[in-house]
Protein chains: 2
Amino acid sequence: MSKAEEAEAVLDEPQGSIAGSRVDHVYNRVKEDIFDFRLLPGDRFTESQVADRLKVSRTPVREALYRLEREGYVFVHFRNGWSVRPFDFVMFENLYELRLVLETAAVRKICDGPDLARIEELKDVWLVADADRVVDSLQAAELDEAFHTTIVDAAENPELARVHNDVIERIRIIRRLDFTQGYRVERTYEEHAKILQALLRRRADTACSLLKAHIEESRAEVRKITIHRLQAARQS
Amino acid sequence: MSKAEEAEAVLDEPQGSIAGSRVDHVYNRVKEDIFDFRLLPGDRFTESQVADRLKVSRTPVREALYRLEREGYVFVHFRNGWSVRPFDFVMFENLYELRLVLETAAVRKICDGPDLARIEELKDVWLVADADRVVDSLQAAELDEAFHTTIVDAAENPELARVHNDVIERIRIIRRLDFTQGYRVERTYEEHAKILQALLRRRADTACSLLKAHIEESRAEVRKITIHRLQAARQS
DNA sequence: GTAGACAAACATGTATGCAAGAGGATGGAG
DNA sequence: CTCCATCCTCTTGCATACATGTTTGTCTAC
């Protein structure tokens, strides 16, 4: 097999991580614990605790924790245990700013590009009659995320998409929490519809400023809910 | 392994690991091997090979390799060895585009911001007489990188800086190679000086378009050199 | 000669044991 | 009581042994 063919074959193979792997299991469980505030920001814990609780040895636990560390969820203290990364609202502001930068770049590239096919598809979800709208707020949150992800994907730069994914994932620590009211759902529909229309008309500037306002609103909302949820978790 | 052999192994290191951690050592060595084309894109290797060569056990090797996998340098094949990620020129184009997005955002934020102190510091390096300029091309490449990193840092968004760092690092796989001529060094001085002056005058649009041209030039140069080096490495 | 079964070699995945260092507990001196 | 040296416990870092699955080469049947 030639070098080139070999390289091709490598790309064709499925990703290394198998779903059934213990490392993945530990990784997912610990991440869920962090997301759902069973592990609070600042909490300390040890590899053995996790290993005992999940009934595996320390080896896969270590690999999972190092992965989480690399992604910024936990810290390792040299020979002195692990801790959940404290909440840092400044960081979240920065993540939102970064997110806006990335999505704005995507919007501009799309408006300059030749093809709006992938954007057109969004019409089926966001430009629909009231009766066809989703009302469940968790489901709506997922749709919202998909909207933004689709836009970034449409810019056809996988590296941009990868980074955007990372940012979204870290924001999702709070985002994923249930939204208290449904009024953001309606507003989201309105705002997305406007952005979408601007995109379809290739009005980059308009789309960007709408996007900026939309993300700012979202940021403020998420911030408010997070503080509330965090306080509630702390008291129990 | 006996104590004496272990001591020898440690002394064997050319650089001497700064952090005593074996994981870091393996991580750095393997990355260097990839950077310097001792490990070619598409090459396959095993954990044991690396462990034997670096005189450590498989445990730190595995942690280092998973780190490299997470960063996109290598792939793990389930129970079937590892391989170096194949070169993908499309990916590099995308990385350069992303880099431009990030740096442009930084420039705009700086120009809108209140404080140019960190930018002023760059004058000491880039706005100097010809006689004070660096001529060594490797050293110049490092200075060039520092220029861009400083700009991003000055935007005061650590998340933006982190992502930018990632992107730069992945570009550096090729960047780090020796530059064939020195003429890019002089051009770099000129271009950086112009960008710097625009920044100091808070001319965001000017700075951005200069930056874009500068990065485009760099991209073209790096691409050319990479293809050349890669072909040379493949033939040996 | 060819196809298929099968086993040996080998790769990673996981568990476990030991070593080294960080941090708190303890006890004595002031 | 306070302070400091010392020890002891606990934690991670690393090495090694074992488990599990993949690949590959060989041997046999046809």
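Think of each chain on its own: its residues are numbered from 1, step by step along the sequence as written. A letter from A marks each chain and a number from 1 marks each ligand, given out in the order of writing. Confidence filtering applies because this is a predicted model: local features only for residues at pLDDT of at least 70, side-chain atom pairs given and counted only at 80 or more, and all residues used for totals across whole chains, interfaces and linings. Hydrogens and water molecules were not included; the side-chain quantities draw on all heavy atoms of the structure.

## Observations regarding the protein's contact with DNA strand C
- We call a residue near a molecule or strand whenever a single non-hydrogen atom of that residue lies within 4 Å of it. Near DNA strand C, the surroundings consist of 22 residues, among which A:Arg22, A:Ser57, A:Thr59, B:Arg62 and B:Tyr66 are the closest.
- Taking the atoms of DNA strand C that fall within 4 Å of the protein, sugar and phosphate contribute 71% of them.
- Contact distances for DNA strand C include 3.3 Å between a phosphate oxygen and a side-chain N or O atom of B:Trp82.
- Across the surface near DNA strand C, the residue classes break down as seven nonpolar, seven polar and eight charged. Polar contact is defined as a pair of N or O atoms within 3.5 Å, subject to the rule that within protein one atom must be able to donate a hydrogen and the other to accept it, and that residues adjacent in sequence are counted only when both atoms are side-chain atoms. Following the grouping adopted for this structure description, the nonpolar residues are Ala, Val, Leu, Ile, Met, Phe, Trp, Tyr, Cys and Pro, the charged ones are Asp, Glu, Lys and Arg, and the polar ones are all others, Gly among them.

## Let's talk about the interface of chain A and chain B
- Throughout, a contact is declared for two residues whenever any of their heavy atoms are within 4.5 Å. The interface of chain A with chain B comprises 31 residues on the first partner and 34 residues on the second.
- Summed over both sides, the interface between chain A and chain B buries roughly 2,900 Å², with carbon and sulfur atoms accounting for 55% of that surface.
- Counted as salt bridges are all cases of a side-chain nitrogen of Lys or Arg within 4 Å of a carboxyl oxygen of Asp or Glu. At the boundary of chain A with chain B, the tally comes to ten salt bridges.
- Between B:Glu71 and A:Arg70 there is a salt bridge whose closest N-O contact spans 3.4 Å. By convention, the term buried area covers the 1.4 Å-probe accessible surface removed from two parts as they join, with the contributions of both added.

## Observations regarding unusual backbone geometry
- The backbone of A:Phe37 shows a phi angle near 65 degrees, a positive value even though the residue is not glycine.
- Note on classification: 1.4 Å probe, protein chains only; a residue is buried when its accessible area is under 20% of the maximum for its type, exposed when over 50%, partly exposed between these limits. A:Phe37 sits in the buried class, given a relative accessible area of 8%.
- Of note, B:Arg202 is a non-glycine position whose phi angle comes to about 60 degrees, a positive value.
- Here a helix means four or more residues in a row that DSSP labels H or I, a strand means two or more in a row labelled E, and each is numbered from the N terminus. Among the secondary structure elements, B:Arg202 is positioned in the loop between α10 (183-200) and α11 (204-235).
- Since its relative accessible area comes to 34%, B:Arg202 is described here as partly exposed.

## Overview of the protein's contact with DNA strand D
- Lining the immediate surroundings of DNA strand D are 21 residues, of which A:Arg62, A:Tyr66, B:Arg22, B:Ser57 and B:Thr59 lie closest.
- In DNA strand D, atoms within 4 Å of the protein come from the sugar-phosphate backbone in 73% of cases.
- At 3.3 Å from a sugar or linking oxygen of DNA strand D is found a main-chain nitrogen or oxygen belonging to A:Gly81.
- Within the side chain of B:Arg79, one N or O atom sits 3.0 Å away from a base oxygen of DNA strand D.
- Of all the secondary-structure elements, those providing two or more residues to the surface near DNA strand D are α4 (58-70) of chain A together with α2 (22-35) and α4 (58-70) of chain B.

## Overview of the packing of helix α3 (residues 47-54) of chain A against α4(A)
All names here are of chain A.
- Orientation is described by lines fitted to C-alpha atoms, with helices fitted over the stretch in contact, and by angles between N-to-C directions that extend from 0 to 180 degrees. Between α3 and α4, the shortest axis-to-axis distance is 9 Å and the interhelical angle comes to 115 degrees. Note that α3 runs across α4; the crossing there is right-handed. Between α3 and α4, the residues in contact are Glu 47, Ser 48, Val 50 and Ala 51 and Arg 58, Val 61, Arg 62 and Leu 65, respectively.
- When its residues are assigned to classes, the contact of α3 with α4 shows four nonpolar, one polar and three charged. Crossing chirality is assigned from the near helix's rotation relative to the far helix, an anticlockwise turn below a right angle marking it left-handed and a clockwise turn marking it right-handed.

## A short note on the environment of B:Arg223
Residue and element names in this part refer to chain B.
- Tracing the backbone through its elements, the reader meets Arg 223 in helix α11.
- Taking relative accessible area as the criterion, Arg 223 reaches 33% and is therefore assigned partly exposed.
- For Arg 223 and Phe 92, which are 131 residues apart along the polypeptide, the C-alpha to C-alpha distance reads 8.5 Å.
- In this structure Arg 223 touches Phe 89 and Glu 93, once residues within four positions along its chain are discounted.

## A word on the sheet that holds strand β1 (residues 44-45) of chain A
Residues and elements named next belong to chain A.
- By the convention used here, strands pair only if DSSP detects at least 2 bridges between them. Within the open sheet, the three strands sit side by side as β1-β3-β2. Their pairing is antiparallel. Strand pairing shows two members of the sheet lacking a second neighbour, β1 and β2 (74-76), which therefore form its edges.
- One ladder, built from two bridges, connects β1 with strand β3 (residues 82-84); its direction is antiparallel. In the sheet register, Phe 45 faces β3, and the bridge partner there is Trp 82.

## Quick look at the state of the cysteines
- The definition used for a disulfide is geometric: two cysteine sulfur atoms within 2.5 Å. Under the counting rule described, the total for this entry stands at zero disulfides over all chains.
- We note that A:Cys208 lacks a disulfide partner, and the nearest cysteine sulfur, in A:Cys111, lies 7.1 Å from it.

## Describing the side chain of B:Glu63
- Turning to its location among the elements, B:Glu63 is positioned in helix α4.
- Dropping the residues within four chain positions of it, B:Glu63 is found in contact with A:Arg62, A:Tyr66 and B:Val23.

## Points about the relation of the copies chain A and chain B
- Of the transformation placing chain A onto chain B, the axial shift is 0.1 Å and the rotation is 179 degrees, giving an RMSD of 0.4 Å. Each copy turns onto its partner about a two-fold axis. The rotation axis passes nearest to the C-alpha of A:Glu63 in chain A, at a distance of 3.3 Å.
- With an isologous cut-off of 70% or more, the 74% of interface residues of chain A that recur at the interface of chain B puts this contact in the isologous class. The superposition of copies rests on a least-squares fit of C-alpha positions from residues with pLDDT of 70 or more in both.

## Description of the nonpolar core
- A:Ile119, A:Ile151, A:Leu199, B:Ile119, B:Ile151 and B:Leu199 are the most contacted members of the largest nonpolar core, which has 110 residues in total.
- Sequence-distant contacts of B:Ile151, defined by excluding residues within four places in its chain, comprise B:Ala106, B:Val107, B:Ile110, B:Ile119, B:Leu122 and B:Leu199.
- For this analysis, a nonpolar core means a set of buried residues of the types Ala, Val, Leu, Ile, Met, Phe, Trp, Tyr and Cys, connected via side-chain atoms within 4.5 Å. Formed by 20 residues, the second largest nonpolar core is a distinct cluster that contains A:Leu39, A:Leu54, A:Ala64 and A:Val74.

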